[in-house]
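Listed here are the chains, written in short residue letters.
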Amino acid sequence: MAMDKKQIKAVIAKRVAQELNDGDVVNLGIGLPTLVANYIPNDIDVTFQSENGFLGLGPAPEAGKEDPDLVNAGGMPVTILEGGSFFDSAVSFGIIRGGHVDATVLGALQVDEKGNLANWKIPGKMVPGMGGAMDLVVGANRVIIAMQHTQKGNHKILKECTLPLTAKSQVNLIITEMAVMEVTDKGLVLKELGPEASIEDVKAATGAELIIPENVGKFGL
Amino acid sequence: MNKLISVQQAIDKIQDGMTIMVGGFLGAGAPDKLLDALVEKGVKNLTLICNDTSFPDKGVGKMVVNKQFKKMIVSHIGTNPETGRQMNEGEAEVDLVPQGTLAERVRCGGCGLGGVLTPTGIGTEVENEKQKITVDGKEYLLELPLRADIALIRGNKVDKKGNVFYNKSSKNFNPIMAMAADTVIVEADEVVEIGDIDPNNVMSSAIFVDYIVGGDK
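Small disclaimer: the values here were computed from a predicted structure and weren't measured.

Reading the values: rules and limits
- Residues numbered from 1 in each chain as written.
- Chains lettered and ligands numbered in written order.
- Predicted model: local features only at pLDDT ≥ 70, side-chain atom pairs only at ≥ 80, totals over all residues.
- Helix = DSSP H or I, 4+ residues; strand = E, 2+ residues; numbered from the N terminus.
- Rg over C-alpha atoms; globule rule 2.2 N^0.38 Å.
- Contact = placed C-beta atoms within 7 Å.
- Buried ≥ 20, exposed ≤ 12 C-beta atoms within 10 Å, placed from the backbone.
- Pairing = 2+ DSSP bridges.
- Right-handed = clockwise from strand over helix to strand, strands pointing away.
- Nonpolar A, V, L, I, M, F, W, Y, C, P; charged D, E, K, R; others polar.
- Axes fitted to C-alpha atoms, helices over the stretch in contact; angles between N-to-C directions.
- Expected span 1.5 Å × (residues − 1).

**Q** Quick rundown of the overall build of chain B? Include the residues and the values.
**A** A tally of regular secondary structure across chain B gives 6 helices and 12 strands. What you see for chain B is a C-alpha radius of gyration of 17 Å, in line with the 17 Å of a compact globule of 217 residues. In terms of its C-alpha atoms, chain B occupies a principal-axis envelope of roughly 50 × 40 × 25 Å. A separation of at least 24 residues holds for 72% of the contacts in chain B among residues at least 6 apart in sequence.

The following block contains the structure:
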């Protein structure tokens, strides 16, 4: 039974959440990565950064309680949790580049076996700008890519990115509905298989060489 | 020295061809009254330095739709399709700068620094035509300062001397832009008496602020 889009996103977000540790400062990208916040285990404390200027990012406010001065990096109304703090954009990116962010979770258009990431531009088609993505990918101690394994059947995990890069050799881990893959000096290592994927499925859906260790784990729904 | 002026007096200071810095992040913390008045005045050929070009119906986004910028130095244009259209059709120049680099370039402009070395953009098209400098074996890009003729910022509480308190995430680029322009105009949600803001809570010192436009509160 194939997963629907909602289940796919939930599976990915849940698996990403397991990568986070107690005390981590984490920046989540817009879209699928935002869902990771819903799956943080209760026994760990994770602080979310919003690069427009605060730590302690909380959920959306109740209807009617929106504050135009309190938005996330997508411009949507949010809340700040107890113990949070506000700062200006220079400090915010000082936090990011200065190694104070333990992990960032972002989507990708393409990612390759050397850890290169392309997620900001499709020349001639889509040029939204990089926003804070280039700083986040360079600055965060750990870069986790959370995305669907393929785009309408086309490979997104490649030997080498063809789109303009967001950053060079910065990606550490790729998590999709089919697999968890680690970027290493030797190449892309298949660590775990998704709930409905076989090694052959992952190989077929991946445009890069995969290193398959003797023991490949499994993650669930 | 009286810094309080009307929206009209503030807008009279902005002429065709100037470079303006505008605070705000997707419109949050932006000086909307001043921007709406600029749309009405219709000054042209401006260069914009701002985090983003907001939305077509909001702040600097309206100015984009009104074709008031010849150049935009921003980190993100994805929420305003008109910016992308003007860029693709060669009607306006758009210089996309990583957000953290933009913040540091503005900071340098306001702090007397000749530039900043950042690892952001190494190995990407952002490094094109830029000087690379290696420090302790690590490569950095030299990014140069940005300054403007006029900065338009927004404060939540501003005292009559010009001390500014920003509310929540409306701070963003406002405090660094307050230091990086020849003339700084702050749009206040609320103008208060000198002494009403505890010096501990002043986020931009009055010395940076040339003019205050009062809010309705």
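That was the structure; now back to the text.
**Q** Lay out the overall build of chain A in plain terms, naming residues and giving numbers.
**A** For chain A, the count of helices and strands is 4 helices and 16 strands. What you see for chain A is a C-alpha radius of gyration of 17 Å, in line with the 17 Å of a compact globule of 221 residues. When the backbone C-alpha atoms are referred to their principal axes, chain A occupies close to 50 × 35 × 30 Å. Counting the 221 residues in chain A, one finds 43% classified as buried. In chain A, once contacts between residues fewer than 6 apart in sequence are set aside, the share between residues at least 24 apart is 65%.

**Q** I'd like to hear about the pairing of strand β3 (residues 46-49) of chain B, residue by residue, with values.
**A** All names here are of chain B. Relative to β3, strand β2 (residues 19-22) is paired through 3 bridges, and the arrangement is parallel. Among the inter-strand pairings, Met-21 is bridged to a residue of β3, identified as Ile-49. What joins β2 to β3 is helix α2 (residues 32-41), and the crossover it makes is right-handed. Taking the sense of rotation as the criterion, the β-α-β connection linking β3, helix α3 (residues 60-65) and strand β4 (residues 69-74) turns out right-handed.

**Q** Provide a residue-level description of the sheet that holds strand β7 (residues 117-118) of chain A, including the pertinent values.
**A** Residues and elements named next belong to chain A. Strand order in the open sheet formed by 3 strands is β7-β6-β11, and the pairing between neighbours is mixed. For this open sheet the edge positions go to β7 and β11 (157-158), each flanked by a neighbour on one side alone. In the sheet, strand β6 (residues 110-112) pairs with β11 via 2 bridges, with the strands oriented parallel. Counterpart to Val-111 in the pairing with β11 is Ile-157.

**Q** Outline α2 of chain B, listing residues and values.
**A** Residues and elements named next belong to chain B. Taken together, the buried positions of α2 are occupied by Lys-33, Leu-34, Leu-35 and Leu-38. Where α2 is buried, its residues touch α1 (7-11), α3, β9 (148-159), β11 (181-192) and β12 (211-213). Backbone geometry just downstream of α2 places Gly-42 in the positive-phi region, at approximately 75°.

**Q** Could you give an account of the interface of chain A and chain B, with specific residues and numbers?
**A** Counting from both sides, the interface comprises 32 residues of chain A and, opposite them, 37 residues of chain B. No other element matches the 5 residues that helix α2 (residues 89-97) of chain A contributes to the side of chain A that touches chain B. Split by residue class, the side of chain A that touches chain B holds 17 nonpolar, 8 polar and 7 charged.

**Q** Residues and numbers for the sheet that holds strand β7 (residues 132-135) of chain B, please.
**A** All names here are of chain B. Ordered by their spatial adjacency, 3 strands build an open sheet running β6-β8-β7, and the pairing between neighbours is antiparallel. The open sheet is flanked by β6 (116-118) and β7, the only strands paired with a single partner. Taken over all neighbouring pairs, the strand axes of this sheet differ in orientation by 45° on average, direction set aside. Where β6 meets strand β8 (residues 138-143), 3 bridges bridge the pair, whose relative direction is antiparallel. Bridged to Thr-118 within β8 is Leu-141. On top of the sheet, helix α5 (residues 99-111) reaches β6 and β8; it is set at about 165° to β6, its chief contact.

**Q** Now, about α5 of chain B: what can you tell me, with residues and values included?
**A** Residue and element names in this part refer to chain B. For α5, with 13 residues, the first-to-last C-alpha span of 18 Å sits near the 18 Å given by 1.5 Å per residue. For α5, a buried count of 12 out of 13 residues is recorded, marking the element as mostly surrounded by other parts of the structure. Within the sequence span of α5, burial applies to Gln-99, Gly-100, Thr-101, Leu-102, Ala-103, Glu-104, Arg-105, Val-106, Arg-107, Cys-108, Gly-109 and Gly-110.

**Q** Hey, could you go over the environment of Ile-211 of chain A for me, with residue numbers and the actual values?
**A** Residues and elements named next belong to chain A. Inspection of the secondary structure assignment puts Ile-211 in strand β15 (residues 210-211). Classification of Ile-211 as partly exposed rests on a count of 15 C-beta atoms within 10 Å. Residues Ile-211 and Gln-49, spaced 162 residues apart in sequence, show a C-alpha to C-alpha distance of 34 Å. With residues up to four places along the chain from it excluded, the contact list for Ile-211 reads Lys-186, Gly-187, Leu-188, Val-189 and Leu-190.

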